[in-house]
Amino acid sequence: MTRGIVLGGSRGIGKAISDSLRSIDIDVFAASKNDIDTSDLNSVKEFLKIHNQTDILILNTGGPAPKPFSTITEEDWKLYHNQLFLGFCTILQNIKINDNGYIFLISSNVIKEPNPKLIISSAYRAAFSEVFKILSKQYAEKNISCINIAPGPINTDRTRELIENVEEFKNTLPMKRLGEPEEIGRFVKSIVQDNIKYLSGVVINFDGSNSNYVF
């Protein structure tokens, strides 16, 4: 049976992906923060002692609260350096992705359009996206596809934490609504189910035409 590991798989986008993959009979381990906390490298290493091989890996984690640059502390930088960057690097250095597998990174639209309120997230998510792009060429040699999904405003707890008046915000969006986590779940499912392999080393802007950039 094909196996999958979904980080942050108990809620939001991660849960939607877990549910979609299970619907096509993937044996999914939906990891919560109790299972692995990527801000804590000891937690990451303990997780990898048990979960060290899979066919499908979803790299997904939450981000920091909005903070002006002048108020970001050294501890903030260190915490999210681990959570958004070094934790993921450690996972990829120590987990075996089986040939013909998939790795999906759930990043954010801030990797292309930095947000002044989310400087930490913008910096570290962009940095890991660079690593992920480089590694995609190595994984391609084993027919392992690497897809970076960069969500815009999605209907999750995270979005509601960041936006004060969600209903008002929806009216500013081209589609007049938030994206749904299940849409991302169905996208991941379709890639796996239809065995789409040549779509690799790419960033998918999942934002309902909200962004202004072309590339």
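Residues numbered from 1 in each chain as written. Predicted model: local features only at pLDDT ≥ 70, side-chain atom pairs only at ≥ 80, totals over all residues. Heavy atoms only, no water.

Draft legend 1. Focus on the packing of helix 1 (residues 12-22) against helix 7 (residues 181-193). Running from N to C, helix 1 and helix 7 cross one another at 40°; their axes reach a closest spacing of 8 Å. With respect to their mutual orientation, helix 1 and helix 7 come out oblique. For helix 1 against helix 7, the interelement crossing comes out right-handed. The residues of helix 7 that touch helix 1, namely those facing Gly12, Ile13, Ala16, Ile17, Ser20 and Leu21, are Pro181, Glu182, Ile184, Gly185, Arg186, Val188, Lys189 and Val192. Taken together, the residues of the contact of helix 1 with helix 7 sort by class into eight nonpolar, three polar and three charged. (Axes fitted to C-alpha atoms, helices over the stretch in contact; angles between N-to-C directions. Helix = DSSP H or I, 4+ residues; strand = E, 2+ residues; numbered from the N terminus. Parallel < 35°, antiparallel > 145°, perpendicular 65-115°, else oblique. Left-handed = near helix turned anticlockwise from the far one by under 90°. Contact = heavy atoms within 4.5 Å. Nonpolar A, V, L, I, M, F, W, Y, C, P; charged D, E, K, R; others polar.)

Draft legend 2. Region of the structure containing the layout of surface pockets. Computed from the structure, the largest pocket encloses a volume of approximately 1400 Å³. If you trace the largest pocket, you find 48 residues lining it, with Gly62, Gly63, Thr156, Arg158 and Thr159 closest to the centre. Elements with a minimum of two residues in the lining of the largest pocket: helix 1, helix 3 (74-94), helix 4 (119-140) and helix 5 (157-162). Along the lines of polarity and charge, the residues of the lining of the largest pocket split into 18 nonpolar, 21 polar and nine charged. Taken as a whole, the second largest pocket holds about 150 Å³ of empty space. (1 Å grid on protein atoms, 1.4 Å probe; cavity = no way out; pocket = protein on both sides within 12 Å on 5 of 7 lines; lining within 4 Å. Points joined across faces, edges and corners; volume = space filled by probe spheres on them.)

Draft legend 3. Region of interest: the state of the cysteines. Overall, the coordinates contain zero disulfides when judged by the stated rule. Not part of a disulfide, cysteine 146 finds its nearest cysteine sulfur in cysteine 89, a span of 13 Å. The exposure class of cysteine 146 is buried, given its relative accessible area of 1%. (Disulfide = S-S within 2.5 Å. Buried < 20%, exposed > 50% of the residue type's maximum accessible area, 1.4 Å probe, protein only.)

Draft legend 4. Main features of helix 7. The terminal C-alpha atoms of helix 7 lie 18 Å apart, and with 13 residues this matches the ideal 18 Å at 1.5 Å per residue to within 8%. By the burial criterion, the buried members of helix 7 are Pro181, Ile184, Gly185, Phe187, Val188, Ile191 and Val192. Down the axis of helix 7, the smallest arc covering the buried residues is 160°, so these residues share one side. For helix 7, the secondary structure elements touched by its buried residues are helix 1, strand 3 (53-59), strand 4 (96-106), strand 5 (145-151) and strand 6 (202-206). A positive phi of about 55° marks asparagine 195, the residue just after helix 7. (Expected span 1.5 Å × (residues − 1). Arc of directions from axis to C-beta.)

By themselves, these observations are geometric and do not establish any function.
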